[in-house]
Amino acid sequence: MDLQALQNECLNCRRCALCDTRTHVVFGQGVPTAEVMFVGEGPGASEDEQGQPFVGRSGQLLDHYLEAVDLSREKNVYIANIIKCRPPQNRDPLPEESAACMPWLRQQFQLIRPKIVVCLGRVAAQQMMDPAFSISRDHGRFYEKQGTLFMATYHPAALLRYPVNKPAVFGDFVSLREKITQVCEHTY
Ligand code: URA
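Note that this is a predicted model, so its numbers are computed, not measured. (Residues numbered from 1 in each chain as written. Predicted model: local features only at pLDDT ≥ 70, side-chain atom pairs only at ≥ 80, totals over all residues. Heavy atoms only, no water.)

Engineer: Please provide a residue-by-residue account of the site of the ligand, values included.
Structural biologist: What surrounds the ligand is the set Gly-40, Glu-41, Gly-42, Glu-47, Pro-53, Phe-54, Ser-58, Asn-81 and His-155. Take Gly-42: an N or O atom from its main chain is 3.0 Å from a nitrogen atom of the ligand. The contact in question runs from an oxygen atom of the ligand to an N or O atom on the side chain of His-155, over 2.8 Å. About the coverage of the ligand: the protein hides 94% of its 240 Å² of free accessible area. Put simply, the ligand lies in the largest pocket. Tallied by class, residues from the shell around the ligand come to 2 nonpolar, 5 polar and 2 charged. (Near = heavy atom within 4 Å. Polar contact = N/O pair within 3.5 Å; in protein donor to acceptor, adjacent residues only side chain to side chain. Areas by Shrake-Rupley, 256 points an atom, 1.4 Å probe, with all protein chains shown as cover. 1 Å grid on protein atoms, 1.4 Å probe; cavity = no way out; pocket = protein on both sides within 12 Å on 5 of 7 lines; lining within 4 Å. Sits in = over half its atoms within 2 Å of the grid points. Nonpolar A, V, L, I, M, F, W, Y, C, P; charged D, E, K, R; others polar.)

Dropping the structure here:
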């Protein structure tokens, strides 16, 4: 099974009720051999319309941060979400929706085998790292879990609401750049 085959399967997913309200499944986007993987929460309205992750306003902001440290979805990272279909009114995913969807992300992770995973926001950090994870307390720190490094930073949508955290996120991306130079082989 390669990533494209997994995506084809995922596009027909009916494992939870979000399949009835979605326009597109947002599987993920980027380089299948990326050493760095970003994980967001779930599609918003623009992503649901276009079928790609982080293409709305928060996606533009994410792309700026990526560019600042020589990363991009075209060149050297992969971007996915905890859930692949948009929850109505952009509410948080329900526990049963995350549970139904997580096997897709696990399979993406197993195929891509990233060295570093960056969680964007609380929902991704609590799902991927620790149910008690606090972004304001622990953003920018790297944690090793079974041979992979995990770090979380503020979600770009939260930055649009609270720009005061933008410098902290820039610092987290600078730390990420430094970590990449230490542990990655072909990202830069
Ligand atoms: N917010 C997310 O968490 N993911 C997206 O893909 C877009 C916005």
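More follows now that the structure is in view.
Engineer: So what's going on with the nonpolar core? Residues and values would help.
Structural biologist: Counting residues in hydrophobic clusters, the biggest one holds 54 residues, and the most contacted among them are Val-36, Phe-38, Met-128, Phe-173 and Leu-176. Setting aside its immediate chain neighbours within four residues, Phe-173 contacts Phe-38, Leu-62, Tyr-65, Leu-66, Val-69 and Thr-153. (Core = buried A, V, L, I, M, F, W, Y, C linked by side-chain atoms within 4.5 Å. Buried < 20%, exposed > 50% of the residue type's maximum accessible area, 1.4 Å probe, protein only. Contact = heavy atoms within 4.5 Å.)

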